[in-house]
Amino acid sequence: MKEIRLMKGNEAIAEGVIRAGCDGYFGYPITPQSEVLEYLMANKTKERTGMIVLQAESEIASIHMVYGGAASGKRVMTSSSSPGISLMQEGISFMAGTELPCLLLNVVRGGPGLGTIQPSQSDYFQAVKGGGHGDYKMIVLAPASVQEMYDFAKLGFELAFKHRIQVMVLSDGAIGQMMEKVELDEQVPRWTDEEIVKLHPWSTTGKTPDRERNIITSLDLNPVKQEIINRNLQKKFKHIEETEVRFERIMCDDAEYLFVAYGSSARICQKAVSLGRAKGIKVGLLRPITLFPYPSKELEKLAKQVKGMLSVEMSAGQMVEDVRLSVNGAVPVEHYGRLGGIIPAPDEVLNVLEEKFIKENLLCKTH
Amino acid sequence: MQDTLTDAQICQPENMVYCRTALMTQAPLSYCPGCGHGTAHRLIMEVIEEMKMQANTIGVAPVGCSVLAYDFLDIDMQQAAHGRAPAVATGIKRLYPDKFVFTYQGDGDLAAIGTGETIHACNRGENITIFFVNNGIYGMTGGQMAPTTLPGMKTATSPFGRDTETMGHPLKITELIANLPGTYFVSRQSVHTPANVRKAKKAIEKAIQYQKLNKGLNFVEIVSNCNSGWKMTPLESNKWMEENMFPFYPLGDIKVPK
Ligand SMILES: Cc1ncc(C[n+]2csc(CCOP(=O)(O)OP(=O)(O)O)c2C)c(N)n1
Ligand code: SF4
Ligand SMILES: [Mg+2]
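All chains use their own residue numbering, which begins from 1 and follows the written sequence. As a convention, the first chain written is A and the first ligand written is 1, with the rest following in written order. Thresholds applied to this predicted model are a pLDDT of at least 70 for local features of residues and 80 or more for the giving and counting of side-chain atom pairs; totals over whole chains, interfaces and linings are not thresholded and use all residues. In computing side-chain values, all of the structure's heavy atoms are included and hydrogens and water are not.

Asker: Residue-level account of the overall build of chain B, with values.
Answerer: Per the secondary structure count, chain B includes 11 helices and 9 strands. At 18 Å, chain B has a C-alpha radius of gyration in line with the 18 Å of a compact globule built from 258 residues. C-alpha extents for chain B along the principal axes are approximately 65 × 45 × 35 Å. When a residue's accessible area, from a 1.4 Å probe over protein chains only, is under 20% of the maximum for its type it is buried; when over 50% it is exposed; and in between it is partly exposed. Classification of the 258 residues of chain B by burial places 56% in the buried group. Any two residues whose heavy atoms approach within 4.5 Å at even a single point are treated as in contact. Look at the contacts in chain B between residues 6 or more apart in sequence, and 67% of them connect residues 24 or more apart. Each accessible area is a Shrake-Rupley estimate made with a 1.4 Å probe; only the visible protein chains count as cover when residues are assessed. When the accessible surface of chain B is split by element, carbon and sulfur atoms take 57% of a total near 10,900 Å². Between the mean site of the 23 positive side-chain charges and the mean site of the 23 negative ones, chain B shows a separation of 6 Å. The helix and strand labels rest on DSSP assignments: H or I over at least four residues marks a helix, E over at least two residues marks a strand, and numbering proceeds from the N terminus. With C-alpha atoms as the basis for the radius of gyration, the globule rule is written as 2.2 Å multiplied by the number of residues raised to the power 0.38. Counting rule applied: Lys, Arg positive; Asp, Glu negative; His and chain ends not counted. Where a charge lies is defined by one atom per residue type: Lys uses NZ, Arg uses CZ, Asp uses CG and Glu uses CD.

This is the structure in structure tokens:
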């Protein structure tokens, strides 16, 4: 029988990375995600699996420690919340340029600036469109439950090493702080140093006579070579877009109206779907699980079926741009967002859907 | 006794006085002629070769003139963002406690943008080795003022000389980190004369050897010239260094194990 525990989202992902065979965590405290570092410290990971946990002097240092560990082929990660993730952008860009695998967790809080410690989804652009300098993307996973916080630890490391890419779990204060039951899996063993040499021949583990030296660098001053490097990166992102899209369809089969929402907002919309269905409105929810790669093709398909889409986000309207790009004008797309740490209520978002699409249509018909 | 050796005799191991270490690659150095960076590279590689540590070494290159150090050093290397080398090295060493991990950094890298990473790596007593090349200037970007630039010294961004009233004072970061309990061995050397090269090599040997003891961070500063940035000939720059840099940055061991 599977082991089941009642856990906070932040604790679940911390337990998840231990069990996924993570070698190193480097982080700096910030609300609403400090439980990650606290949980790892309290769990004596060094004794449990040999995993190293270090509280760094800043998020800048944390991400560059992650860089060092990742460049040596280890499973490494950091976690933070919005202001801290902003500080990490330099290191993330360097990891993009060197194609280093790592797991990053952003338990988003409201901004800009110091903003609030309440949940928000206002870091979507930063996570999905690049964030740091240069042309790059990360794989972005959006958990909507404590179970997914746990599951995405292992999935995140798998994807990171499969594609040599940074994987960000884009959560929010609500998912991080809420408690739900979690099914845990068996411990994945950490790689031995010998396994790392075999599995990741590119990693810097010390030059042995049987191979050339390994160099991890994003620098190439030759524009022709730098263009090739960039083109190859783009090829990789394209391949990821073709192979790694994940989403959940809730009551979509006969839907006439569609919520598009991820994370906490998807939870709200799921409830709103039930409320709507009870009222006889044929409404469904498309929940993107990967924000990059985005489920554009699925939305394109749904655009042929529904009369309108409402993107619900705890932001001023960020993901809605990707919804609009996906459907390319085929169907009206509206946005509804709450800001500053306010979570919308299910009846609130259902009302908006009715106002924007259904009542308007009725009005048109009576004219 | 014959007074000259034949070529064949010169090549005999017992007559060998000097040879290029195998751990320097064949790539021509990108440094300006007369610059100290190349000598500093060679000394570090000589010691790693003599200690047979190539397979166990991971180096971290900074942003600065030595950004391309990995082109010249035949070891596994990572290039770090400007100033972040001590954090990168921390990440490596914590996960590979048995490897020899070092950073090679300039004064802008280590004592300006990377001050936080430097002090905290030192203060945590990371078991890494830092080689710090202090030339009192930003060489790579064309000779701008560095935190280590001497009072009155002219640079591209202090064209009338560093005015300490408005531009701050030169930072003696080496003395500062020597005061931290996390550092084990701290030394300041130069590589501008054969005698200094020999002393610097001794310090480098210690800083590498001591990492095996796991007693904390080992740090060797090399006060060096930047003849291009200082707008001098190599010889002038060495003389200027002796007359101006050494009084402010005196050579010798600053912290030695008890
Ligand atoms: C974040 C960032 N800021 C600025 C630069 C530009 N930059 C490159 S090297 C350098 C200074 C290097 O000086 P130093 O560390 O003293 O090395 P040197 O070239 O003198 O050996 C600067 C400011 C950069 N590459 N990255
Ligand atoms: S610019 Fe200065 S530090 Fe850089 S290679 Fe030339 S002399 Fe050396
Ligand atoms: Mg310098």
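Asker: Can you lay out the nonpolar core for me, pointing to particular residues and giving the numbers?
Answerer: Ranked by size, the top nonpolar core spans 122 residues in total, and within it Val 17, Leu 40, Leu 258, Leu 291, Leu 299 and Met 309 of chain A carry the most contacts. It is helix 8 (residues 146–163) of chain A that provides the largest number of residues to this core, a total of 10 residues. A domain-level breakdown of this core finds at least three residues from each of domain 1 (3–194) and domain 2 (248–366) of chain A. Not counting residues up to four positions away in its chain, the partners in contact with Met 309 of chain A are Leu 258, Val 260, Leu 299, Leu 302, Ala 303, Val 323, Val 327, Val 331, Pro 332, Val 333, Glu 334 and Phe 357 of chain A. Note on terminology: a nonpolar core comprises buried Ala, Val, Leu, Ile, Met, Phe, Trp, Tyr and Cys residues joined through side-chain atoms within 4.5 Å. Core analysis: the second largest hydrophobic core is formed by 36 residues, Leu 43, Met 45, Val 47 and Tyr 210 of chain B among them. Bear in mind that the domain bounds are from an automatic or database domain assignment.

Asker: How would you explain the domain arrangement of chain A if you had to name every residue and give the values?
Answerer: Residues and elements named next belong to chain A. Domains assigned within chain A are domain 1 (3–194) and domain 2 (248–366). Computed over C-alpha atoms, the centres of domain 1 and domain 2 are 28 Å apart. Domain 1 puts 28 residues into the contact, and the matching count from domain 2 is 24 residues. Two parts placed together each lose some accessible area under a 1.4 Å probe, and the buried area is that loss summed for both. Of the roughly 2,100 Å² buried at the junction of domain 1 and domain 2 (both faces included), carbon and sulfur atoms supply 54%. We define a salt bridge as a contact between a side-chain nitrogen of Lys or Arg and a carboxyl oxygen of Asp or Glu at a distance within 4 Å. Inspection of the domain 1/domain 2 interface yields 3 salt bridges. A salt bridge links Glu 180 to Arg 267, with the nearest nitrogen and oxygen atoms 2.4 Å apart.

Asker: Mind laying out the side chain of Lys 93 of chain B, listing which residues take part and the relevant values?
Answerer: All names here are of chain B. Counting through the fold element by element, Lys 93 comes out in helix 4 (residues 85–95). For Lys 93, which is buried and forms no salt bridge, the nearest opposite charge comes from Asp 98, at a distance of 6.6 Å. Among the polar contacts made by the side chain of Lys 93, one reaches the side chain of Gln 211 at a distance of 3.0 Å. With residues up to four places along the chain from it excluded, the contact list for Lys 93 reads Lys 99, Val 101, Asn 127, Ile 128 and Gln 211. For this analysis, a polar contact is any N or O atom pair within 3.5 Å, provided that within protein one partner can donate a hydrogen and the other can accept it, and provided that sequence-adjacent residues contribute only side-chain to side-chain pairs.

Asker: Can you lay out the site of ligand 2 for me, pointing to particular residues and giving the numbers?
Answerer: Any residue with a heavy atom lying within 4 Å of a molecule or strand is counted as near it. Around ligand 2 sit Tyr 31, Cys 32, Cys 35, His 37, Cys 65, Asn 135, Gly 139, Cys 226, Asn 227 and Ser 228 of chain B, and that is every residue in its neighbourhood. Three classes are used, and their members are as follows: Ala, Val, Leu, Ile, Met, Phe, Trp, Tyr, Cys and Pro are nonpolar, Asp, Glu, Lys and Arg are charged, and the others, Gly among them, are polar. When the residues that make up the shell around ligand 2 are grouped by side-chain class, the tally is 5 nonpolar, 5 polar and no charged.

Asker: Describe in detail the pattern of salt bridges, supporting the description with residues and values.
Answerer: Per the stated rule, a full pass over the model turns up 39 salt bridges over all chains. A salt bridge links Glu 3 of chain A to Arg 5 of chain A; the shortest N-O distance between them is 3.1 Å. For Glu 3 of chain A, a relative accessible area of 35% corresponds to the partly exposed category. Between Glu 175 of chain B and Arg 188 of chain B there is a salt bridge, with its nearest N and O atoms 2.7 Å apart. Of this pair, Glu 175 of chain B sits in helix 8 (residues 173–178) while Arg 188 of chain B sits in strand 7 (residues 183–190), and the two are 13 residues apart along the sequence. Judged by relative accessible area, Glu 175 of chain B falls into the partly exposed class, the value being 24%. For Arg 188 of chain B, a relative accessible area of 0% puts it in the buried group. Ionic contacts of the salt-bridge type, sharing partners, join the residues Glu 3, Arg 5, Glu 15, Arg 19 and Arg 48 of chain A into one network.

Asker: Break down the packing of helix 13 (residues 296–303) of chain A against helix 14 (residues 319–327) of chain A for me, with residues and values.
Answerer: Residues and elements named next belong to chain A. Geometry is summarised by axes, namely lines fitted to C-alpha atoms with helices restricted to the contacting stretch, and by angles between N-to-C directions that run from 0 to 180 degrees. Look at helix 13 against helix 14: their axes get within 8 Å of each other, and the N-to-C directions meet at 65 degrees. Seen from above, helix 13 lies across helix 14 with right-handed handedness. In this structure, helix 13 contributes Ser 296, Leu 299, Glu 300 and Ala 303 to the contact, and helix 14 contributes Val 323, Ser 326 and Val 327. In the contact of helix 13 with helix 14, the residues fall into 4 nonpolar, 2 polar and 1 charged. Helix crossings are classified by the rotation of the near helix relative to the far one: an anticlockwise turn of less than a right angle makes the crossing left-handed, while a clockwise turn makes it right-handed.

Asker: Can you break down the packing of aromatic side chains residue by residue, with the values?
Answerer: Here is the rule: rings of Phe, Tyr and Trp (six-membered ring for Trp) pair when centre to centre is within 6.5 Å. Planes less than 30 degrees apart are stacked, more than 60 are edge-to-face, and the remainder are tilted. All chains considered together, the criterion is met by 13 aromatic pairs over all chains. On the numbers, 6.5 Å between centres and 90 degrees between planes, the contact of Phe 237 of chain A with Phe 292 of chain A is edge-to-face. Of the two residues, Phe 237 of chain A is situated in helix 11 (residues 223–243) and Phe 292 of chain A in strand 13 (residues 290–292); the sequence distance between them amounts to 55 residues. When its relative accessible area of 4% is taken as the criterion, Phe 237 of chain A is described as buried. Each member of the aromatic cluster is reached from another via a ring pair, and the members are Tyr 124, Phe 125 and Tyr 262 of chain A. Here Lys 74 of chain A stacks its cationic end above the ring of Tyr 96 of chain B, 4.4 Å away from the centre of that ring. Sitting over the face of the ring of Phe 248 of chain B, Lys 172 of chain B holds its NZ or CZ atom 4.4 Å from the ring centroid. The rule is short: NZ of Lys or CZ of Arg within 6 Å of the ring centre and within 35 degrees of the ring normal puts a charge over the ring.

Asker: Summarise the environment of Ser 86 of chain A; cite the residues concerned and give the values.
Answerer: Residues and elements named next belong to chain A. Looking at where Ser 86 falls in the secondary structure, it is placed in helix 5 (residues 82–87). Given the relative accessible area of 40%, Ser 86 is considered partly exposed. The spacing of Ser 86 and Arg 277 is 191 residues in sequence and 40 Å in space, taken between C-alpha atoms.

Asker: Help me get a handle on the interface of chain A and chain B, residues and values and all.
Answerer: Facing 34 residues of chain A, the contacting portion of chain B comprises 33 residues. When chain A packs against chain B, the two sides together hide about 2,700 Å² of surface, and 59% of this comes from carbon and sulfur. Looking at the side of chain A facing chain B, the largest losses of area belong to Glu 57, Lys 207 and Arg 213 of chain A, adding up to 22% of the total buried there. Put simply, chain A and chain B have 4 salt bridges between them. Among the salt bridges present, the one from Asp 74 of chain B reaches Arg 213 of chain A, with a minimum N-O distance of 4.0 Å. In this structure, the connection of chain A to chain B is made through 19 residue pairs in polar contact (both at pLDDT 80 or more). Elements with a minimum of two residues in the side of chain A that touches chain B: strand 2 (24–27), strand 3 (52–55), helix 4 (59–71), helix 6 (89–98), helix 10 (193–199) and strand 9 (215–216) of chain A. Tallying contributions element by element places helix 4 of chain A first for the side of chain A that touches chain B, with 8 residues. Its residues placed into classes, the side of chain A that touches chain B shows 14 nonpolar, 12 polar and 8 charged. Only strands joined by at least two bridges in the DSSP assignment are considered to pair. Examined bridge by bridge, strand 9 of chain A and strand 2 (residues 76–79) of chain B share 2 bridges and lie parallel to one another. Looking at strand 2 of chain B, one finds that Ile 215 of chain A is bridged to Met 77 of chain B.

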